[in-house]
Amino acid sequence: MHALLLTTGKHRGPSAPPQQLGSFGGPDAERVAAGERRLFDARRRTVNGQKAQHHERIEQLRHEIKGLSSQRDAKGRELKLVREELGAPHAHV
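Residues numbered from 1 in each chain as written. Predicted model: local features only at pLDDT ≥ 70, side-chain atom pairs only at ≥ 80, totals over all residues. Heavy atoms only, no water.

It is worth spelling out the pattern of salt bridges at this point. Throughout the structure, instances matching the rule amount to five salt bridges. Between Arg62 and Glu59 there is a salt bridge; the shortest N-O distance is 2.7 Å. Placement of the pair is Arg62 and Glu59 together in helix α3 (residues 26-87), with a separation of three residues, close to one helical turn. For Arg62, a relative accessible area of 52% translates into the label exposed. A residue is classified by how much of its surface remains accessible, and Glu59, at 37% relative accessible area, is partly exposed. (Salt bridge = Lys/Arg side-chain N within 4 Å of Asp/Glu carboxyl O. Helix = DSSP H or I, 4+ residues; strand = E, 2+ residues; numbered from the N terminus. Buried < 20%, exposed > 50% of the residue type's maximum accessible area, 1.4 Å probe, protein only.)

Just distances and angles here, no functional claims.
Here you go:
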C-alpha cells in the first residue's frame, strides 16, 4: 500500500507513531514490502495491458472510420450519377 500511495501522490507520511514504526522491521517488513511490490507490479502490468488494448482499439476505429468515409464518398458519387441519369433526357432507340 505504501508504494501505491507514493505513486498516486496520496501518501501523507507515517500513519503510526514513530515508536511503533521502529518495531516494524526485519523479515516482517521485508515480506510486507515484497508483497506490496508484487501488487504494484501486477497493477502496472494490468494497466499497461489495458493501455495496449485501448491503443489497438483506437487503430481499429481509425481504420473503420476510413472505410466508412470511403463508402460515404462512393455513395455520394453514386447518388450524383443517379440524379444526372434521372434529369437527363431519355434517348429512345
